[in-house]
Amino acid sequence: MTTETIAPHGGTLVNLVVSPAEAERIAAEAASYPQVVVNHRELSDLEMLATGALSPLTGFQGEKDYHSILETMHLPNGLPWTIPVTLSVTEDELVAVGSADAVALLSHAGAAPLAILELQEVFRRDREKEALGVFLTEDREHPGVQALHGAGDHCLAGELKVLRLPQHHDFVKYRRTPAETRAAFAERGWSRVVGFQTRNPIHRAHEYIQKCALEIVDGLLVHPLMGATKGDDVPADVRMQCYEALFDGYYPKDRAMISVFPAAMRYAGPKEAIWHAIARKNYGCTHFIVGRDHAGVGSYYGTYDAQKIFEEFEPDELGITPLMFEHSFWCNRCEGMGSPKTCPHGEEDRVSLSGTKVREMLRAGQKPPQEFSRPEVAQILIDAMSEGS
Ligand SMILES: [Zn+2]
């Protein structure tokens, strides 16, 4: 190790994956435990807990944590935390669990257990409080609120012993745990690293923001979220092709890296922006890009809410430094990329397209102007849309 980056949230990088020998012993014991099948969101959370992406958490959270987070945006020990990480069960599943002191967690019925939850507590979730506390709305049209109402009434809480990580067959070379991204940063000699969260293809505006950030640090981690997203978001494999094309053509190999962020989207806007920043700190990022409407959906959050929420924390309690960015664009008179902070010209000089307009063009097989989108990226999206239709 030549370079030290930032300390994980709470000081220690958690690793819940047991040794192969212990896994074998536990798996034998686990045969007699009640089994619980986790949903997609919980499976993502399980992977993040296992690898320390959610350090300092060591399992699914209990009632005290739950209320503390919803009421104060902090864990009972005072560390910032904005979204409870819970494991829900239905009434029937709860009956099946009975008075067991441990349960086996499965990705699907009939699978071998992924992890053992040492059952410390069962509590009833408060949907109204959770919806308002996390999503700031009770509207059931909100995808996060909808998921909350689809989940069971009770939560199982306790420490996890993870026998194996959930298996992935896609993007395998881009899947790095926090320990692995930290090692990769050290190997490249990066001590200051900026993380970029995305669940969309990257056009020139976001490329510009990333490169502005990269000007002041050593390295860039493009960290696309590849857990569950809404059905109308661009599919993960198409997005990955776009990132690869961009990296091939326009990014410096020794300064930028793509890695998969296995989280599921909550669409919790500001609360998720903080949660995303904390997770990226665990992956070793010292800086985190917060754009407009980060993790937003529909019109539930104000354009700058995800940036403003950072002011509610003391800078040293989060540790990671947020970098706030404006909407950016190509300006014909500046002859370059800029934002309202740097370009004095009017709308008529700027190449801006709405998301709806871009989708329309791509669907019609038409490339947006190269000032808006790299032609390689536009082509991939056009091809994907013509296959999909
Ligand atoms: Zn200008």
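Up top is the structure these notes are about.
The structure displayed is predicted, hence computed values, not measured ones.

Engineer: Explanation requested: the sheet that holds strand β7 (residues 193-198) in the structure shown.
Structural biologist: In any sheet, the strands associate via hydrogen bonds between backbone groups, in a parallel or an antiparallel arrangement. Pairing is parallel across the open sheet formed by five strands, whose spatial order is β9-β8-β7-β10-β11. Lying at the two open borders of the sheet, with one neighbouring strand each, are β9 (256-258) and β11 (321-324). This sheet shows a mean twist of 25 degrees between the axes of neighbouring strands, independent of strand direction. Bridge analysis of β7 against strand β10 (residues 287-290) gives two bridges, and the strand direction is parallel. Along β10, the bridge assignment pairs Val194 with His287. Helix-sheet contacts for helix α9 (residues 236-250) involve β7, β8 (219-224) and β9, and the interaxial angle to β9 is about 160 degrees.

Engineer: How do you make sense of the pattern of salt bridges when you look at a structure like this?
Structural biologist: A side chain of one charge can pair with a side chain of the opposite charge when the charged atoms of the two come close. Summed over all chains, the structure comprises 16 salt bridges. Of the charged contacts in the structure, one is a salt bridge between Arg25 and Glu29, with a shortest N-O distance of 2.9 Å. Of this pair, Arg25 and Glu29 both sit in helix α1 (residues 20-30), four residues apart, roughly one helical turn. On the basis of relative accessibility, which here comes to 36%, the residue Glu29 falls in the partly exposed class. Linking Glu130 and Arg125 is a salt bridge whose minimum nitrogen-to-oxygen distance equals 3.0 Å.

Engineer: How do you make sense of the sheet that holds strand β12 (residues 329-331) when you look at a structure like this?
Structural biologist: What the three strands build is an open sheet, ordered β13-β12-β14; its pairing is antiparallel. Looking at the sheet topology across the chains shown, the edges are occupied by β13 (336-338) and β14 (350-351). In the sheet, β12 pairs with β13 via three bridges, with the strands oriented antiparallel. Residue pairing in the sheet places Trp330 in a bridge with Met337 of β13.

Engineer: Explain the pairing of strand β6 (residues 154-162) here, please?
Structural biologist: Taken residue by residue, a regular strand's side chains alternate between the two faces of the sheet. For β6, the tally of buried residues reaches seven of nine residues, placing the bulk of the element in the interior. As paired elements, strand β2 (residues 59-60) and β6 share two bridges and run antiparallel to each other. The partner of Gly59 across the bridge, within β6, is Glu159. In this sheet, β6 lies alongside strand β3 (residues 87-89) in antiparallel orientation, the contact comprising three bridges. Looking at β6, one finds that Val89 is bridged to His154.

Engineer: What am I meant to see in the nonpolar core here?
Structural biologist: Note that soluble globular proteins tend to have their nonpolar side chains buried in a common cluster. Formed by 74 residues in total, the largest nonpolar core has its most connected members in Phe60, Trp81, Leu105, Leu117, Leu156 and Leu160. Considering every element that reaches this core, the biggest residue donor is helix α10 (residues 269-282), with six residues. If we skip the residues at most four places from it in the chain, Trp81 touches His9, Leu54, Ser55, Pro56, Leu57, Gln61, Ile69, Met73, His74, Leu75, Trp275 and Ile278. In this structure, Tyr174, Ile202, Ala256 and Ile258 belong to the second largest nonpolar core, which totals 37 residues.

Engineer: Quick question: what am I supposed to make of the packing of helix α5 (residues 127-135) against helix α6 (residues 143-150) here?
Structural biologist: Axes are the key here: two packed helices are described by the angle between their axes and the distance separating the axes. One can describe the packing of α5 onto α6 by two numbers: an axis separation of 10 Å at closest approach and a directional angle of 155 degrees. Between α5 and α6, the interaxial angle falls into the category roughly antiparallel. Remark: the crossing between α5 and α6 carries right-handed chirality. Residue-level contacts link Arg127, Glu130, Ala131 and Phe135 of α5 to Gly144, Val145, Leu148 and His149 of α6. A per-class count over the contact of α5 with α6 returns four nonpolar, two polar and two charged.

Engineer: Where do I start with the packing of aromatic side chains in this structure?
Structural biologist: Centre-to-centre distance and the angle between the planes together describe a pair of aromatic rings. Under the defined criterion, the tally for this structure stands at five aromatic pairs. Relative to Trp190, the ring of Phe185 has its centre 5.7 Å away and its plane inclined at 25 degrees; by these criteria the two rings are stacked. Exposure remark for Trp190: the relative accessible area of 1% places this residue in the buried category. Ring geometry for Phe261 versus Tyr283: centroids 6.0 Å apart, planes at 75 degrees, classification edge-to-face. Note that Phe261 is positioned in the loop between β9 and α10 and Tyr283 in the loop between α10 and β10, a separation of 22 residues in sequence. The pair formed by Phe261 and Tyr283 is uniform in burial state, with each residue classed as buried. Arg188 extends its terminal NZ or CZ atom over the ring of Trp190, reaching a point 5.8 Å from the ring centre. The ring of Tyr250 carries Arg374 above its face, with NZ or CZ at 3.8 Å from the centroid.

Engineer: So what exactly am I meant to see when it comes to the coordination of the zinc ion here?
Structural biologist: For a metal bound by four donors in tetrahedral geometry, the ideal donor-metal-donor angle is 109.5 degrees, whereas six donors in octahedral geometry ideally sit at 90 or 180 degrees. Only Cys331 (SG), Cys334 (SG), Cys343 (SG) and His345 (ND1) from the protein reach the zinc ion as donors, at distances of 2.1 to 2.4 Å. Note that the zinc ion binds four donor atoms; their angles at the metal cover 100 to 116 degrees, and the shape is tetrahedral. Along the chain, the residues donating to the zinc ion fall in the pattern C-x2-C-x8-C-x1-H. Of this pair, Cys331 sits in strand β12 while Cys343 sits in the loop between β13 and β14; the two residues are 12 residues apart in sequence, bridging distant segments of the chain. According to the relative accessible area criterion, Cys343 is buried, its value standing at 5%.

Engineer: Could you clarify how one ought to interpret α10 in this entry?
Structural biologist: Note: α-helices contain 3.6 residues per turn, so residues at a spacing of three or four share the same orientation. The end-to-end C-alpha separation of α10 is 20 Å, in line with the 20 Å expected for 14 residues at 1.5 Å each. With respect to burial, α10 is a largely interior element, 14 of its 14 residues being buried. Looking at the residues trailing α10, positive phi occurs at Gly284, about 105 degrees.

Calculation notes
Residue indices begin from 1 for each chain and proceed along its sequence in written order. Residue-level local features of this predicted model are given only where pLDDT is at least 70; pairs of side-chain atoms are given and counted only at 80 or more, and the full residue set underlies all totals for whole chains, interfaces and linings. To obtain the side-chain values, all non-hydrogen atoms of the structure were used and water was disregarded. Strands qualify as paired when DSSP identifies two bridges or more between them. Helix and strand assignments follow DSSP, with helices taken as H or I runs no shorter than four residues and strands as E runs no shorter than two, numbered in order from the N terminus. Fitting a line to C-alpha atoms yields each axis, with helices limited to the stretch in contact; the angle taken between N-to-C directions then spans 0 to 180 degrees. By definition, residues are in contact when any of their heavy atoms lie within 4.5 Å. Whenever Lys or Arg places a side-chain nitrogen within 4 Å of a carboxyl oxygen from Asp or Glu, that contact is recorded as a salt bridge. Relative accessibility under 20% of the residue-type maximum defines a buried residue, over 50% an exposed one, and the middle range a partly exposed one, all with a 1.4 Å probe and only protein chains included. Buried residues of nine kinds, namely Ala, Val, Leu, Ile, Met, Phe, Trp, Tyr and Cys, make up a nonpolar core once their side-chain atoms join them within 4.5 Å. Throughout, the term roughly parallel applies to angles under 35 degrees, roughly antiparallel to angles over 145, roughly perpendicular to angles from 65 to 115, and oblique to all others. Here is the rule for handedness: rotate from the far helix to the near one, and if that takes an anticlockwise turn smaller than a right angle the crossing is left-handed, while a clockwise turn gives right-handed. For this scheme, ten residues count as nonpolar: Ala, Val, Leu, Ile, Met, Phe, Trp, Tyr, Cys and Pro. Four count as charged, namely Asp, Glu, Lys and Arg, and the remainder, Gly too, count as polar. Geometry of aromatic contacts follows a simple scheme: Phe, Tyr and Trp rings, the Trp one being its six-membered ring, pair when their centres are within 6.5 Å, and the pair is stacked under 30 degrees between planes, edge-to-face over 60, tilted otherwise. In this scheme, the term charge over a ring applies when either NZ of a lysine or CZ of an arginine sits within 6 Å of the ring centre and within 35 degrees of the ring normal. Water is absent from the atoms considered, so a metal site may look incomplete; donors are defined as N, O and S atoms within 2.8 Å of the metal, or 3.2 Å for Na, K and Ca. By the criteria applied here, four donors are tetrahedral when all angles lie between 85 and 135 degrees, four are square planar and six octahedral when opposite donors are over 155 degrees apart and every other angle lies between 65 and 115, and any other arrangement is irregular. The span one expects for a helix is its residue count, reduced by one, times 1.5 Å.

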